[in-house]
Amino acid sequence: MRLFGSHAPCRNVIISEPYSQLRLRLDRFAQESPKRLADALEYSLLAPGKRLRPVLCLLACETLGANLEQALGNACALEMIHCYSLIHDDLPAMDDDDLRRGRPTCHRQFDEATAILAGDALQPMAFESILGGRLEPPALVESCQVLAWAAGIRGMVGGQMDDLLEENRSQMQCDEPNGIEEPPEKRLDSIHRRKTGAMIEASVILGAIAANATPECRTALAKYGRGIGIAFQIVDDLLDVESTREKTGKATGKDAARGKLTFPGVYGITESRQMANRWVAESLAALEPFNHQAEGLRQIAKYILERHS
Ligand code: GRG
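In this report, the structure presented in the accompanying data block is examined. (Residues numbered from 1 in each chain as written. Predicted model: local features only at pLDDT ≥ 70, side-chain atom pairs only at ≥ 80, totals over all residues. Heavy atoms only, no water.)

1. Remarks on helix H13 (residues 269–286)
An α-helix turns once every 3.6 residues. As a result, residues three or four positions apart point the same way. Between its terminal C-alpha atoms H13 stretches 26 Å, which fits the 26 Å expected from 18 residues at 1.5 Å a residue. Looking only at H13, the buried set comprises Ser-272, Met-275, Ala-276, Val-280, Ser-283 and Ala-286. The buried residues of H13 all sit within an arc of 135° when viewed along its axis, so they share a single face. Looking at the buried residues of H13, the elements they touch are helix H10 (215–242), helix H12 (263–267) and helix H14 (295–306). (Helix = DSSP H or I, 4+ residues; strand = E, 2+ residues; numbered from the N terminus. Expected span 1.5 Å × (residues − 1). Buried < 20%, exposed > 50% of the residue type's maximum accessible area, 1.4 Å probe, protein only. Arc of directions from axis to C-beta. Contact = heavy atoms within 4.5 Å.)

Okay, here's the thing in structure tokens:
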């Protein structure tokens, strides 16, 4: 599915630019990288993914009427962190998947050590992308802080750890410090706000920072990002139950078998779908202060509900 309808030609720049910019940055590193690592990075970073996070970053910048070039360093950094997380998530020690973006996962195509190193390499590369971008120091420092927060212990990595602990509650040391277990609804919400939501929210915030947003605009955009972040994960869980490997380009039907805490598992399919709709409605409401320039972000919110992959 396309992120935007064909009637939106201006959107094509926002869709195609992250790919070209990622290629540019990879080419710069390729000369100094061992060939096998450069091949693994190219294979993973330029694979046919949606590039939702850089697109959100550029659209947030566009919404505020700023020059998109300002946000390109931040946009690429988001995709680099996202790509590292997918490579590591697919490893045997984590989800042990053999298909990603319709192709063999990085460790299947190369080997485990190369996949680990490719993921490792993408993390500093992301921060170099921000630092080598067009932003001046205050926005530069803040962009690094927001990305570090979203990608790290308080965001994606912390959420991933708790997600894995849920799968292995009996095997791993996951006793609550006070012996009281949080209800599944609360644990589910907390895991996914961090594991998936933090990076999606950070995507719009990094666009807002690049556009020198006012605090009010930034708060509104962050609220939009929070809502679509949760909706995105709910739909991801629904696709795992309702879709196929052929349509999504990755394994499906694995969550329940692994004992993962998922939205359909906790709330059922119908309620989960309604929840995703409600979160998207909240995101759209957060965009009310913006004019037609937020149209791209509105389309993405709707796309998240309709996506098939
Ligand atoms: C390994 C630290 C670490 C974290 C992994 C991102 C992640 C955390 C796990 C991926 C597993 C997963 C299915 C997460 C749910 C939502 C999600 C992030 C899906 C993949 O993102 P898309 O659909 O992927 O934007 P593409 O391939 O289009 O970029």
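2. Re the packing of aromatic side chains
Within a pair of aromatic rings, the relevant descriptors are the distance that separates the centres and the angle that separates the planes. Tallied over the entire structure, the rule returns two aromatic pairs. Measuring from centroid to centroid gives 5.6 Å for Tyr-43 and Phe-110, while their planes differ by 75°, and the two rings are edge-to-face. Remark: Phe-110 occurs in the loop between helix H5 (106–109) and helix H6 (112–131) and Tyr-43 occurs in helix H2 (residues 35–45); sequence separation between them is 67 residues. Both residues of the pair, Tyr-43 and Phe-110, belong to the buried class. When the centroid spacing of 6.2 Å and the interplanar angle of 15° are considered together, the rings of Phe-263 and Tyr-267 count as stacked. (Phe/Tyr/Trp six-rings, centres within 6.5 Å; stacked < 30°, edge-to-face > 60°.)

3. Section: the site of the ligand
Around the ligand, the surrounding shell holds 21 residues, and the nearest of these are Lys-50, Arg-53, His-82, Asp-89 and Arg-101. Here an oxygen atom of the ligand and a side-chain polar atom of Lys-50 are 2.5 Å apart. When contributions to the shell around the ligand are tallied by element, the ones reaching two or more residues are helix H4 (72–89), helix H8 (156–167), helix H9 (184–210) and H10. For the shell around the ligand, the element with the highest residue contribution is H4, accounting for six residues. Among the residues forming the shell around the ligand, the class breakdown is six nonpolar, seven polar and eight charged. (Near = heavy atom within 4 Å. Polar contact = N/O pair within 3.5 Å; in protein donor to acceptor, adjacent residues only side chain to side chain. Nonpolar A, V, L, I, M, F, W, Y, C, P; charged D, E, K, R; others polar.)

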